[in-house]
Amino acid sequence: MSRFARLSAACAVASAAAVFTPATRSAFADPVPAAAETPAANAPATAPTANTPATAPLHERIDQLVEKFAVGPRSEIADDLTFLRRVSLDLIGRVPSSAEARAFLADNSPNKRQAVVDRLLATPDFPRNLAGVFDVMLMERRGNKHVKTDELRAWLQKSFESDRSYLDIVTSLLAADGSPDDNRAAAAFYLERDVEPNLLTREVGRMFFGVDLQCAQCHNHPLIDDYLQTDYYGLFAFVNRMSVFQPDTKKPALITEAATGDTNFKSVFTEREAVTGPRLPGGAEFTEPVFATGDEYATRPDKDVRGIPKYSRRQKLAELVGAGGNDYFDRNIANRLWAVMLGRGLVHPVDQHHSDNPATNPELLDLLAREFADNGYKVRPLLREIALTQVYQRSYRLPADLAPSAEVAKTALPDLKVKLVAEEQATDVAIEKSDAALAKLDEALAAAKPVREAFNKVNAAAVEAAKKRDAAVKTLTDKQNALNAKLPTVTTVEAALLQASAAAKLISDDTELAAAAATLQKKFDALAAERKKLEDEITAAKKPVDDTQAALVVAQEATKPEREKLEPAEETIRQARAAYVTATEEVHTHRRNKTYMRRRIEFLQTLVALAEAEQRLKTVRPALPVAVAEATKAQETLAIAQKAMAEAEAAFNQASQTLQNTTAQLTQAQTSATQMASATQLVKVSRENAQAAAAKLSSDQELAAALKTLTAREATFASTSQQLTESVAALTKQRDAAQTAVETATGQRQTATQNLQTADAAAKTAIVKRDSLQQELTKLEVSTSENSEAIIQQASSHFNIAVLEALTAEQLGWSLLEATGQLHRQVAAERAKLDKEKPLSEAEQKDPAKVAQREQDAYTAAVTALDKTVAGVANLYAAQTGQPQDAFFATVDQALYLANGSTLTSWLNPSGDNLTARLQKLEDARALADELYLSILTRQPTAEETASVQQYLQQRADDRPAAVRELAWALLTSVEFRFHH
Amino acid sequence: MPRNTGCNVFDHAVSRRGFLGAASAAATVGGLLTPVQAEAVQSGHKRVLQLYLQGGVSQFESWDPKPGTKYGGPFRAISTSVPGIQICELLPHTAQRMHRFSIVRSINLKTNDHGQGRLFMEKGRRAGEFPYIGAVAAKYLSPQRPTLPGYLHITTRGLNDNTNAFLEAPYAQMKLEGVQAPANLAHPDKVADDAARRREEIRSRLSERFAGRSGQKSFVESFESSFEMADRLMSQKSLFESEPSAKDVERYGSHPFGLRCILARKLLENGATCVKVTHHGYDTHAENFNFHLEQLGEYDKTACMLLDDLHDSGMLDSTLVMIYSEFGRTPKINQRYGRDHWGSSVSVAAGGCGIKPGVVVGATNPDGTAVADREVDAGHLFHTWFQALGIDSTADHAIPGKTIPIGDPTKAPIEEILA
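Residues numbered from 1 in each chain as written. Chains lettered and ligands numbered in written order. Predicted model: local features only at pLDDT ≥ 70, side-chain atom pairs only at ≥ 80, totals over all residues. Heavy atoms only, no water.

Visitor: Lay out the overall build of chain B in plain terms, naming residues and giving numbers.
Guide: What chain B contains, in helices and strands, is twelve helices and 14 strands. The buried share of chain B, reckoned over its 419 residues, is 57%. Put simply, 73% of the contacts in chain B that link residues at least 6 apart link residues at least 24 apart. Split by element, the accessible area of chain B, about 16,500 Å² in all, is 52% carbon and sulfur. (Helix = DSSP H or I, 4+ residues; strand = E, 2+ residues; numbered from the N terminus. Buried < 20%, exposed > 50% of the residue type's maximum accessible area, 1.4 Å probe, protein only. Contact = heavy atoms within 4.5 Å. Areas by Shrake-Rupley, 256 points an atom, 1.4 Å probe, with all protein chains shown as cover.)

Set out below in structure tokens:
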């Protein structure tokens, strides 16, 4: 089946996403058609079958539920070596040796994964490692204040060696009071937190119920609707009567407990006041045994006396938890164990179980919780089942295609949205109901308040009377103790006296003896007087005891009617609170479903968005270069048009200029011609007149001369005029030509303008197209990258791919020791030591059991010897005390330690058969690369990596030992070694 | 063995370029600054200098003198460079520079416990897991590629506090044992510089390959950056190794506090974001006056030399300077001439980045037995420091998946001393 088809099938099931209500909790057992396939190459330990009945092994049912709700891209099953490294780290806390890796590779058995899981679970390393894991989980690096961490780890290790139930372990922790007859190690949980009630409330909540109620101490949690102040004080009531008891700092601290102490609280936000009895998260209050005031203690606390109440709330807490059946408790541990193996909880962070943070697969969490509880809370079998699942065996490497078709997601969305709306409405209705229940609870609290005050008033007299009685008892006890201390002396002196007197009687002349007897008599008399005095005082002291006791009884009697009134009032509160808790649980259920729907919708929408973006990218990516080319071409066209326009403009301007010039010339010529024509006319008229006069006056010489001049002028003028007229005609022609030229240029300019406008518009369009494509591409790429990251995140939180996590501090320490060969060197040293101290006889050397035992002893001794080294690494790599220990961080100190610290440097010096010594001996660079990568990274080098090792060794042929050290250092300090994958 | 060039493994091209750029720019500014100072000023990098007077300095003998009153003690009050502000005569150098400081005299911590007082002053909250001022400053003020860890504490007493709480590990306090260099700062003898570079190349190539395949880059980046930071710290080894100049020693004093303040200046100049210097020994249950005479005598001149240097290099404008203790001391003088723990009327002084100088906020009553005006506590101070540094202390921490306000939402900054 293709990945697409797998996804489709998964989404199809997801679209029917169940609404989780307590009623449908057992739905996991229903057989669901599985869309699973088993990749041929890397056979997982097991594969789910198509139909998995409820009786199928748990790992198959886990995979079934994983498949049922799977969505998004999923990785393949990891290869053999990755699996070996992972399972070794998780089960025994260190990477495998190169020999183990080779043996696993060489094993051709189809069940080899299951076999290695079983082998590792059977090693002594498993309980040892698990003890460390639980110590870190429960104590978060607290320790050594009152109880040694080693002591706690040893106790846990013993518990896990015998597969003691987790429920039993927790019951011991919660019941412990540190007394020597009790289990001292178990008291670490309380004592290392200084038995501080607020801290214990938070820590019991976080560690055992998965809820961090810290912010609900002074008011309901401001951000997490589920976490109520009333829940905080329900837990607080179990622990607030305890405190550290250590009157003598030289002696071990114990836990003392008071018999009284109510839990009143008031919200600093709403001023709402309330009081609560002890109550587990999700549980109900209960009726507590009542003792008359003054009679509450088995051992009354005093300065030097540890208080032991007749009814201990600490014991009650242990008892309630030990009875099992609390869903919060079961889900918390199931989730934490899942996180131990998978690197992340189904609910994450592991102390944030609430309806705004539902499990990524709630049915799976419920299955794990129920199975774990039903099978006696045994850790080893559960871890085994988890190790055998396919989901555990997935590769950390992402599938190449992150956005398979979103069509199925698309079709699933409308249905989910409808369901979301329904859950939103159901949540609102449930909130209304819970508000009403809260109002009823407040009424009950208010009604009980005066009754409690009346009781307290009467009870105060009883408390006072009890104090007086206790003082009287103390006086009497002190006297009795004094008498008891005196009595042996009196008896001894009396005996001596009797014998001395008897002797003196027998030997009556012995004065010295008589004197001695007399002295003894005197001494005895004095002592007898003292005894008498004490006896009298005791008699006297008895009366106040009787009197004060009588007074106390009277006072106690007086409290009875008030107590009788108080009890029903408290019962009303308990019932109202139970109703309120039920109502809030209903709210949680709907809100959890709502958040789950919302998250799923977001995931599907991200998938759809990614697929759509990738689809669109398919169009946009190739379209962009085309658009870029078109824009370039349009811009070129525009440039040509612009040039043509400029030329046309220039031509027009020139033509216009020519026209202007010729027009001016023409005008001037016309003026001159007109003038000349007028002048010619005038001269003609004048000549004609002169001619007529001369005809009449023919003799007039002067007149004749004038006529001559006029005639000459007329001729000249006529000629000039003629010339001018011709010139005008010529110029008119020129003007007309210029006119035409202008008209032509105008036309050409107009054409060029039009061309330019067209080219400009085309260029603009092309640029807009190009830019918008560019913008879209950038946007798509950003959103694709963001959505891909979101999908990786989601895929990882849904365990579709293996979670990448840093090695824990202990894993890192032991892995460094294993990979450098230091562990094996230490084992060899311890073996040699044992062989020297207690050599095996020849017969023993032939007994495989004896030899194996010797090997085991040497290994245990080596591990014990190296514990301190690992603790040193942990110092540098572990998170701060009291902080969650699962977050990865990298500090300068760590890097400096790896780069320059003497520890790693010395481990990299060839010695015995450690890593660098082994590598040194391998002359073939290929073999060296192989051993190097298998020892440190539990994988074979790629061809490229082998080549670069070869090349490096050649480069450093002058100092091969140094080259080997450098290579080993580089691999050990690489991010690949640092991470669990 | 080849000479340790100090700059051997990673390529420092980027920071070197920055260095040169700043150096040439500095010449145009005035030419008096060293290149590092100039870079420190021009980078826009804001910093914090914490002078922590451990044990609880007496407010009477420092910022809130009450001469001639019932509990005033033997010392006089002296005028300062700011008309109207008087401080104790034990701080003559500080008095001359009062125009660079402001004082808050009305702090009521409501605790007389060293631990609680210190945690309150550092976290701005009375209880709960919250990061210290220095860690918050390192998170939000550190440059992209810091040349030194963001939060350095020069001290000799090893209180192992969880200073970063839920903030990422690189912002935790890195403790420096007095003026000693941190551990493992030099390559082991066997590893020569070129070998270190070569092995680092293989290491980072492997890491790159892994990062590419895992798709989860943030882990890898954080891991790789720790090696880079380690390398940068190694290349800054001389900061710890070079002897301070005779002139500096003469000005600051040759006592441990003097040498630590010289180191503090070097660290601030070279890229640290928050440097805390602890001056031990103010828990004066006996001989309060003699001890304060001695202690503040050492503190006053040394601190002023450091402040002068920061001022002269122009760094003071971008460096918030806090002078504080876990609490103050009782008005009542006990039979051993001591003053005991007192959290009810405490003073602090501050100056530099974002602080309006020459201001006195709040007052105690005439005998100094209670706050009389403008009562504040360490929650208000916490907001004030971050507002001064330009960080919105009412916003939430940038922690994925969590919503935690930076400052206590029920408290507000002391606006009167904000510039």
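Visitor: Mind laying out the pattern of salt bridges, listing which residues take part and the relevant values?
Guide: Residue and element names in this part refer to chain A. Across all of its chains, the model carries 91 salt bridges over all chains by this definition. With a shortest N-O distance of 3.0 Å, Arg574 and Glu571 are connected by a salt bridge. Of this pair, Arg574 and Glu571 both sit in helix H17 (residues 511–696), three residues apart, which is roughly one turn of that helix. (Salt bridge = Lys/Arg side-chain N within 4 Å of Asp/Glu carboxyl O.)

Visitor: Describe the confidence of the model for chain A, naming the residues involved and giving the relevant values.
Guide: Residue and element names in this part refer to chain A. Confidence in the prediction for chain A averages 88 pLDDT; 93% of positions are at 70 or higher. Confidence, expressed as mean pLDDT per element, reaches its minimum in chain A at helix H1 (residues 3–15) with 36 and its maximum at helix H15 (residues 379–388) with 98. Note that pLDDT drops below 50 for residues 1–50; the model gives that stretch 115 contacts with residues more than four away or on any other chain. (pLDDT = per-residue confidence, 0-100.)

Visitor: Explain the domain arrangement of chain B to me, using residue names and the numbers behind them.
Guide: Residue and element names in this part refer to chain B. For chain B, the domain assignment lists domain 1 (9–24 + 43–179 + 242–417) and domain 2 (182–236). Here domain 1 and domain 2 have C-alpha centroids that lie 35 Å from each other. Between domain 1 and domain 2, the residue contacts involve eleven residues of the former and 13 residues of the latter. At the surface where domain 1 touches domain 2, the tally comes to zero salt bridges. The interface formed by domain 1 and domain 2 holds three residue pairs in polar contact (both at pLDDT 80 or more) in total. In the side of domain 1 that touches domain 2, the residues fall into seven nonpolar, three polar and one charged. (Domains from an automatic or database assignment. Polar contact = N/O pair within 3.5 Å; in protein donor to acceptor, adjacent residues only side chain to side chain. Nonpolar A, V, L, I, M, F, W, Y, C, P; charged D, E, K, R; others polar.)

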